[in-house]
Amino acid sequence: MYVELNDVSKQIRRSPILSHISVGFEKGRVYGLKGKNGSGKTMLLRVIAGLILPSSGQVRIGGKILGKDMSFPESIGVLIENPSFIGGETGLSNLSILASIQGKAGKKDLEETLERVGLDPSDKRTYRKYSLGMKQRLGIAAAIMEKPDIILLDEPINALDDKGVEAVRAILAEEKARGALIIVACHDEAELRLLSDEIFYMQDGELTGHEILDKDREDEP
Ligand SMILES: Nc1ncnc2c1ncn2[C@@H]1O[C@H](COP(=O)(O)OP(=O)(O)OP(=O)(O)O)[C@@H](O)[C@H]1O
Ligand SMILES: [Mg+2]
């Protein structure tokens, strides 16, 4: 398992947010997270991204303990809730600013990524003039632009039109084929089943169910 959670719990001001979560995720697979509002999906993604530390238990990524051997996963792309882009910059310029931190993606990569999410790289409109769906598309672009080992997408199809949803399906298939480990939280169960190889069900901060859909093995005897 490339990402492993070992008895991870998180309390915030004594309220249990995540409880005793032990689970493993492999590269080249798409995992879906399903659960009601407040069940802990976003918090679980935040813990895996190193954005919050567990109160107890460990998150291991490639064998290294998050928060001990490293502060953040080395190769990760994340779309969690409202990404903070700069209102006065274009989509391409926003991606360039973010990409300059790691220096992994060049201008051509960024332009290609914008095209993959259905945004025009030469669009001169600034982010503040983007529609909700365009903002969501840019958030997805930022998560995938560096071809990370791990991709975490929290409600990626929110605000997307049919073409946007199709783009997300294609992107997940491509990133999976590239070998990325992908975890997606999504309220639309039909869509989640289409996107995922396995689904984990969450309730009150606990993992309460696991279903393997395993499309890859469908044509095996
Ligand atoms: N910053 C915070 N401080 C304290 N509690 C929080 C904080 N953010 C979230 N919570 C609590 O953590 C729990 C899990 O929230 P989380 O956002 O992970 O749910 P979710 O499954 O993503 O829900 P949704 O479907 O609405 O996105 C909820 O009880 C929520 O109230
Ligand atoms: Mg959430």
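Computed from a predicted model, the values in this text were never measured in an experiment.

### Structural notes on the sheet that holds strand 6 (residues 76-79)
Spatially, 6-7-8-3-9-10 is the arrangement adopted by the six strands of the open sheet, whose pairing is mixed. Strand pairing shows two members of the sheet lacking a second neighbour, strand 6 and strand 10 (206-212), which therefore form its edges. Within this sheet the neighbouring strands show an average axis-to-axis angle of 15°, counted without direction. One ladder, built from five bridges, connects strand 3 (residues 30-35) with strand 9 (residues 198-203); its direction is parallel. Directly across from glycine 32, in strand 9, lies its bridge partner isoleucine 199. Most of the contacts of helix 4 (residues 132-144) go to strand 6, to which it runs at about 165°, and overall it touches strand 6 and strand 7 (150-154).

### Regarding the site of ligand 1
Taken together, Ile12, Ile17, Gly35, Asn37, Gly38, Ser39, Gly40, Lys41, Thr42 and Met43 make up all the residues around ligand 1. In terms of residue count, helix 1 (residues 41-49) provides more of the shell around ligand 1 than any other element does, three residues in total. In terms of residue class, the shell around ligand 1 is built from three nonpolar, six polar and one charged.

### Topic: the domain arrangement of the protein chain
When cut into domains, the protein chain gives domain 1 (1-75 + 149-221) and domain 2 (86-147). Using C-alpha coordinates to define each centre, domain 1 is positioned 23 Å away from domain 2. Contacts between the two partners involve 14 residues from domain 1 and, on the opposite side, eleven residues from domain 2. Listed by contribution, the elements that provide at least two residues to the side of domain 1 that touches domain 2 are strand 7 and helix 5 (162-178). If one sorts the elements of the side of domain 1 that touches domain 2 by residue count, helix 5 sits on top with seven residues. A class-by-class count of the residues in the side of domain 1 that touches domain 2 yields eight nonpolar, two polar and four charged.

### Examining the packing of helix 2 (residues 91-102) against helix 4
At their nearest, the axes of helix 2 and helix 4 sit 10 Å apart, and the two run at 30° to each other. One element, helix 2, and the other, helix 4, form an angle in the roughly parallel class. You can see that helix 2 and helix 4 cross each other, and the crossing is right-handed. Facing helix 2, whose interface residues are Gly91, Asn94, Leu95 and Leu98, helix 4 presents Leu138, Ala141 and Ala142. Considered class by class, the residues forming the contact of helix 2 with helix 4 number five nonpolar, two polar and no charged.

### As for the packing of helix 2 against helix 3 (residues 107-116)
At a minimum axis separation of 10 Å, helix 2 and helix 3 run at an interaxial angle of 130°. Here helix 3 runs oblique to helix 2, going by the angle between their axes. Two packed elements cross with a definite hand, and for helix 2 against helix 3 that hand is right-handed. From helix 2, Gly91, Leu92, Leu95, Ser96 and Ala99 reach across to helix 3, where they touch Lys107, Leu110, Glu111, Thr113 and Leu114. When its residues are assigned to classes, the contact of helix 2 with helix 3 shows five nonpolar, three polar and two charged.

### Topic: the pairing of strand 6
Burial along strand 6 is two-sided: the face carrying Ile76 and Val78 and the face carrying Gly77 and Leu79 are both buried. Where strand 6 meets strand 7, four bridges bridge the pair, whose relative direction is parallel. Bridge pairing in strand 7 places leucine 79 opposite leucine 153.

### Some remarks on helix 1
Burial analysis of helix 1 places eight of its nine residues in the buried class, which makes it a mostly covered element. Looking only at helix 1, the buried set comprises Lys41, Met43, Leu44, Leu45, Arg46, Val47, Ile48 and Ala49.

### Structural notes on the sheet that holds strand 1 (residues 3-12)
With antiparallel pairing, the four strands of this open sheet are ordered in space as 2-1-4-5. Single-partner strands in this sheet number two, and they are strand 2 (15-25) and strand 5 (64-65). Looking at chain direction, strand 1 and strand 2 are connected through seven bridges and run antiparallel. Residue lysine 10 lies in a different strand from strand 2, and its bridge partner there is leucine 18.

The rules behind the values
Residues numbered from 1 in each chain as written. Chains lettered and ligands numbered in written order. Predicted model: local features only at pLDDT ≥ 70, side-chain atom pairs only at ≥ 80, totals over all residues. Pairing = 2+ DSSP bridges. Helix = DSSP H or I, 4+ residues; strand = E, 2+ residues; numbered from the N terminus. Axes fitted to C-alpha atoms, helices over the stretch in contact; angles between N-to-C directions. Contact = placed C-beta atoms within 7 Å. Near = placed C-beta within 6 Å. Nonpolar A, V, L, I, M, F, W, Y, C, P; charged D, E, K, R; others polar. Domains from an automatic or database assignment. Parallel < 35°, antiparallel > 145°, perpendicular 65-115°, else oblique. Left-handed = near helix turned anticlockwise from the far one by under 90°. Buried ≥ 20, exposed ≤ 12 C-beta atoms within 10 Å, placed from the backbone.

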